[in-house]
Amino acid sequence: CGMVAIVGRPNVGKSTLLNRLLGQKVSITSRKPQTTRHRIMGIHTEGDSQVVFIDTPGLHMEEKRAINRLMNRAAASSIADVCMVIFVVDGLSWTADDEMVLNKLRRGADERKTILAVNKVDHIKDKEALFPHLQELAQKFPFDDIVPISAKSGTNVGKLMSLARQSLPESVHFFP
Ligand code: GDP
C-alpha cells in the first residue's frame, strides 16, 4: 500500500487539488499511466517516500446502465487497495451525487483512512456559516479528519499532504 485515492463527484475540484498536491514534483501526469486496477494521476516523491495518487472514475455514477455498474465495480475494487481516501466535496453544496459517493465509500472503510476535504472555502464569505455545515457532514460518516481547503489558493493543502504521508508506511518504493 502506498496509494491515496482522490474521489468525489465531478466539478468539486479534484484535478485542481491534485495539481496542488503534486506541486512541482510531478513525476507522471501527462502520460496518464494505467495499471490493470488503477488509473494513476500522479506521484509525489519526497526523499525515499512516494505517494501515488489514483483516480476512480465511475464512483459517482448512477447504476441504471450496465456500463456504469461496470465502471463502478472497477472503481470500488481500485479503492479497496488504497490506504487513504480523500473525499472532496464543494463547501457550498452537498448533493445527491455526494451522498452516492459517500455511500460507496462505506464498504471496507475500516481498512483505510477517509479524509473529508471541504473545498472552495475561498468562495465562502461567511466563514462562521461553515461550521454548522461541517458538523452536519461529520454526522454522516466517521471521517478520520475533516479539512476545509481551497485547492485554488492552496489553503490547507499542505495539511492534506502531511496526512497522506502519515497514512503511508515509512518508505514506499512503489516503482523500484
Ligand atoms: P473535478 O471535476 O472534480 O476534477 O474539478 P476541477 O478541478 O476541474 O474544478 C472544477 C471547477 O472548480 C473549476 O472551474 C475550478 O477552477 C474550480 N475550483 C476548484 N477548486 C477551487 C477552489 O478551491 N476554489 C474555487 N473558488 N474554485 C475552485
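These figures come from a predicted structure and were not determined experimentally.

(A) Layout of the packing of helix α1 (residues 14–22) against helix α5 (residues 157–166). Look at α1 against α5: their axes get within 10 Å of each other, and the N-to-C directions meet at 75 degrees. Between α1 and α5, the interaxial angle falls into the category roughly perpendicular. Residue-level inspection shows L17, R20 and L21 of α1 in contact with α5, the latter providing V157, L160 and M161. Grouping the amino acids of the contact of α1 with α5 by side-chain chemistry returns 5 nonpolar, no polar and 1 charged.

(B) Main features of the site of the ligand. Around the ligand, 15 residues are found, and the nearest of them are N11, K14, S15, T16 and D122. A distance of 3.1 Å separates an oxygen atom of the ligand from a polar side-chain atom of N119. In the model, an oxygen atom of the ligand is placed 2.9 Å from a nitrogen or oxygen of the A151 main chain. The fraction of the free accessible surface of the ligand (580 Å²) that becomes covered by protein chains is 75%. Counting residues per element, the shell around the ligand draws most heavily on α1, which supplies 3 residues. Its residues placed into classes, the shell around the ligand shows 3 nonpolar, 7 polar and 5 charged.

(C) Molecular detail of helix α3 (residues 96–105). Turning to α3, its buried residues are D98, V101, L102 and L105. Down the axis of α3, the buried set is contained in an arc of 100 degrees. They therefore lie on one face. Buried residues along α3 sit against β1 (3–7), α2 (66–79), β4 (84–90) and α4 (130–140). Regarding α3, its N-cap is T95, as a side-chain oxygen of that residue lies 3.2 Å from the backbone nitrogen of D97 further along.

(D) Structural context of the environment of H123. In this structure, H123 sits in the loop between β5 (113–119) and α4. Remark: the alpha-carbon pair of H123 and V89, spanning 34 residues in sequence, is separated by 13 Å.

(E) Local environment of the pattern of salt bridges. In total, this model carries 3 salt bridges according to the counting rule given. Among the salt bridges present, the one from R9 reaches D98, with a minimum N-O distance of 3.0 Å. Here R9, found in the loop between β1 and α1, pairs with D98, found in helix α3; they are 89 residues apart in sequence, far enough to count as distant. For the pair formed by R9 and D98, the shared burial category is buried.

(F) Just the nonpolar core, in detail. Core analysis: the biggest nonpolar cluster contains 27 residues, and V7, V85, F87 and L105 have the highest contact counts within it. Looking at this core, the elements that each hand over two or more residues are β1, β2 (39–46), β3 (49–55), α2, β4, α3, β5 and α4. Discounting residues that sit within four places of it in the chain, V85 has contacts with A5, V7, I79, L105, R112, K113, T114 and I115. Counting 25 residues, the second largest nonpolar core, distinct from the first, contains V12, M41, V51 and V88.

(G) Fine view of unusual backbone geometry. Phi at N11 takes a positive value of approximately 80 degrees, unusual for a residue other than glycine. Assessed through its relative accessible area of 67%, N11 is described here as exposed. In this structure, K120 takes a positive phi of about 70 degrees despite not being glycine. Within the fold, K120 resides in the loop between β5 and α4. With relative accessibility at 23%, the residue K120 sits in the partly exposed group.

What counts as what
Residues numbered from 1 in each chain as written. Predicted model: local features only at pLDDT ≥ 70, side-chain atom pairs only at ≥ 80, totals over all residues. Heavy atoms only, no water. Axes fitted to C-alpha atoms, helices over the stretch in contact; angles between N-to-C directions. Helix = DSSP H or I, 4+ residues; strand = E, 2+ residues; numbered from the N terminus. Parallel < 35°, antiparallel > 145°, perpendicular 65-115°, else oblique. Contact = heavy atoms within 4.5 Å. Nonpolar A, V, L, I, M, F, W, Y, C, P; charged D, E, K, R; others polar. Near = heavy atom within 4 Å. Polar contact = N/O pair within 3.5 Å; in protein donor to acceptor, adjacent residues only side chain to side chain. Areas by Shrake-Rupley, 256 points an atom, 1.4 Å probe, with all protein chains shown as cover. Buried < 20%, exposed > 50% of the residue type's maximum accessible area, 1.4 Å probe, protein only. Arc of directions from axis to C-beta. Salt bridge = Lys/Arg side-chain N within 4 Å of Asp/Glu carboxyl O. Core = buried A, V, L, I, M, F, W, Y, C linked by side-chain atoms within 4.5 Å.

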